[in-house]
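Chain by chain, the residues run as shown.
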Amino acid sequence: MTLSSTRGISPEQSAREEELAARVQASFDSCRDPRLKELMQALVKHLHAFLREVRLTEEEWHAAIEFLTAAGRITDDRRQEFILLSDTLGASMQTVAINNDVRGDATEATVFGPFFVEGSPGIEPGGDISFGAAGEPCWIEGTVSGVDGDPVPGARIEVWEADEDGFYDVQYGDGRVAARAHLFSGEDGTYRFWGITPTPYPVPCDGPVGKMLEATGRSPMRASHLHFMVEAPGCRTLVTHIFVRGDALLGSDTVFGVRESLIKDFERRPPGTPTPDGRVVDGSWTQVRFDIVLAPSDVRG
Ligand SMILES: [Fe+2]
């Protein structure tokens, strides 16, 4: 309890509140699963401390229930408001930080986000993930290796991103699959593909999380990024993004996902510049290198 929260509260009232919090915690004493018991008792402890600290009014309690109900109603298999809520409260990034400690030179992780979809199309090395999504072409290449420096062949690399208007395919509303795919690293650990140059976009604002951001005067904008998820046997699965150096939003990403090591140089090539694979591009294009280092999976990190 903070000083401000106890101000004006009689010892009798305080004792009554503490007794209730203790009684609810104790209701989980006989839980047979020790981890579940720990989680529930800590949740109750901190929840009651929050309620008492802010002296929550009954109107505010009702508003909170309505908020969570609205988050549930708008969530379906293509829209995940609860991940968005977790992201915008920094809970996702904190969980990532707790579970992905620094391990040698392993690439840092960041938030998963709400727009990953299982079953993305596969592409060959050098293929194009855009599938018609609008945007400036971007050539992405790099290697996948372990912390020992050895290449990791056959790593499954999932990539997904928004189009130049800031929309993911799941937001198109017509079932199209675009700007997402998977590919595999080669025998030498290398990978390469065409995507589109990332641009900033707002998180979906037509639900309760958008209302929360507006009510609190927060920006809904995410820094420009391209999502990666990399899986390989014996390695810790890496969920991360790369960000665009120079993006004005790097310091105010609304999900707190930016890490310095993930900011990359997207070098813009003027129209007519030959491309790495000979593809003819109409207009400018960009090029970025992202060398991925996977931590071993046998170390909980
Ligand atoms: Fe994203």
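Residues numbered from 1 in each chain as written. Predicted model: local features only at pLDDT ≥ 70, side-chain atom pairs only at ≥ 80, totals over all residues. Heavy atoms only, no water.

(A) View of the nonpolar core. Of all hydrophobic cores here, the largest spans 28 residues; its most connected members are V144, Y191, F193, F228, V230 and I292. For this core, the elements supplying multiple residues, two or more each, are β1 (137-146), β2 (156-160), β3 (180-184), β4 (190-196), β7 (225-231), β8 (238-244) and β12 (292-294). If we skip the residues at most four places from it in the chain, V230 touches V144, A155, R156, I157, R236, T237, L238, I292 and L294. (Core = buried A, V, L, I, M, F, W, Y, C linked by side-chain atoms within 4.5 Å. Buried < 20%, exposed > 50% of the residue type's maximum accessible area, 1.4 Å probe, protein only. Helix = DSSP H or I, 4+ residues; strand = E, 2+ residues; numbered from the N terminus. Contact = heavy atoms within 4.5 Å.)

(B) Spatial organisation of the domain arrangement of the chain. Entries for the chain in the domain assignment read domain 1 (3-56) and domain 2 (103-294). Measuring from the centre of the C-alpha atoms in domain 1 to the corresponding centre in domain 2 gives 43 Å. (Domains from an automatic or database assignment.)

(C) Structural context of the coordination of the iron ion. Listed as protein donors to the iron ion are Y168 (OH), Y201 (OH), H225 (NE2) and H227 (NE2); their distances from the metal cover 1.9 to 2.1 Å. For the iron ion, the four donor atoms in the first shell make angles of 91 to 165 degrees at the metal, so the coordination geometry reads as irregular. Taken in sequence order, the residues that donate to the iron ion follow the motif Y-x32-Y-x23-H-x1-H. Taken together, the positions of Y201 in strand β5 (residues 201-202) and H227 in strand β7 put the pair 26 residues apart, joining distant regions of the chain. Here Y201 matches H227 in class, with each residue buried. (Donors = N, O, S within 2.8 Å, 3.2 Å for Na, K, Ca; no water. Tetrahedral: all angles 85-135°; square planar, octahedral: opposite > 155°, others 65-115°.)

(D) Highlighting unusual backbone geometry. A positive phi angle, near 55 degrees, is found at A179, a position not held by glycine. Residue position: A179 is located in the loop between β2 and β3.

(E) Summary view of helix α2 (residues 11-26). End to end, α2 covers 22 Å across 16 residues, agreeing with the expected 22 Å (1.5 Å per residue, within 8%). The complete set of buried residues in α2 reads S14, E17 and A21. Buried residues of α2, seen end-on, are gathered within an arc of 70 degrees and therefore sit on one face of the element. Every exposed residue of α2 that faces more than 90 degrees away from the buried side is listed here: P11, E12 and R16. (Expected span 1.5 Å × (residues − 1). Arc of directions from axis to C-beta.)

(F) Local environment of the packing of α2 against helix α3 (residues 34-54). Contact geometry of α2 with α3 gives a least axis separation of 9 Å together with a crossing angle of 160 degrees. By the angle between their directions, the pair α2 and α3 is classed as roughly antiparallel. For the pair α2 and α3, the crossing hand works out as right-handed. Together, S14, E17, E18, L20, A21, V24, Q25 and A26 of α2 and Q41, V44, K45, H48 and R52 of α3 make up the contact between the two elements. When the residues that make up the contact of α2 with α3 are grouped by side-chain class, the tally is five nonpolar, four polar and four charged. (Axes fitted to C-alpha atoms, helices over the stretch in contact; angles between N-to-C directions. Parallel < 35°, antiparallel > 145°, perpendicular 65-115°, else oblique. Left-handed = near helix turned anticlockwise from the far one by under 90°. Nonpolar A, V, L, I, M, F, W, Y, C, P; charged D, E, K, R; others polar.)

(G) Inspection of the packing of aromatic side chains at higher detail. In this structure the tally under the stated criterion is 12 aromatic pairs. Here Y191 and F193 contribute two aromatic rings whose centre-to-centre distance is 6.2 Å and whose plane-to-plane angle is 25 degrees, an arrangement assigned as stacked. Judged by centre distance (4.9 Å) and plane angle (70 degrees), the rings of F228 and F290 are edge-to-face. Of this pair, F228 sits in strand β7 while F290 sits in the loop between β11 (285-289) and β12; the two residues are 62 residues apart in sequence, bridging distant segments of the chain. Across the pair, F290 and F228 agree in class, each one buried. In this structure an aromatic cluster arises from ring pairing among Y191, F193, F228 and F290. (Phe/Tyr/Trp six-rings, centres within 6.5 Å; stacked < 30°, edge-to-face > 60°.)

(H) Looking closely at the environment of V209. Position of V209 among the secondary structure elements: in helix α7 (residues 208-215). With 124 residues separating them along the chain, V209 and L85 place their C-alpha atoms 6.0 Å apart. Not counting chain neighbours up to four residues away, the residues in contact with V209 comprise F67, E81, L84, L85 and T88.

(I) Layout of a nonpolar patch on the surface. A surface patch of nonpolar side chains, amounting to about 620 Å² of accessible area, comprises L43, L47, F50, V54, L56, W61 and I65. Of all the secondary structure elements, the ones that give two or more residues to the nonpolar patch are α3 and α4 (58-74). Of the residues forming the nonpolar patch, the biggest block, four residues, is contributed by α3. Its place among the elements puts L43 in helix α3. The class for L43 is partly exposed, based on a relative accessible area of 48%. (Patch = residues over 30% accessible without salt bridge, like charges linked within 9 Å, V, L, I, M, F, W, Y side chains within 5 Å. Areas by Shrake-Rupley, 256 points an atom, 1.4 Å probe, with all protein chains shown as cover. Salt bridge = Lys/Arg side-chain N within 4 Å of Asp/Glu carboxyl O.)

(J) Quick peek at the pattern of salt bridges. The final tally for this structure, using the stated rule, is 18 salt bridges. With its nearest N and O atoms 3.0 Å apart, the salt bridge here joins R79 to D206. Of the two residues, R79 sits in the loop between α4 and α5 (81-88) while D206 sits in the loop between β5 and α7, which places them 127 residues apart along the sequence. Overall, R79 belongs to the buried group, its relative accessible area being 16%. If you follow the salt bridges from partner to partner, you end up with E17, E18, R52 and R55 in one network.

(K) A look at α5. If you check which residues of α5 are buried, you get E81, L84, L85, D87 and T88. Summarising the axial view, the buried residues of α5 lie within an arc of 160 degrees, below the 170-degree limit, and thus occupy one face. Here the buried face of α5 lies against α4, α6 (91-99) and α7. Backbone geometry just downstream of α5 places G90 in the positive-phi region, at approximately 75 degrees.

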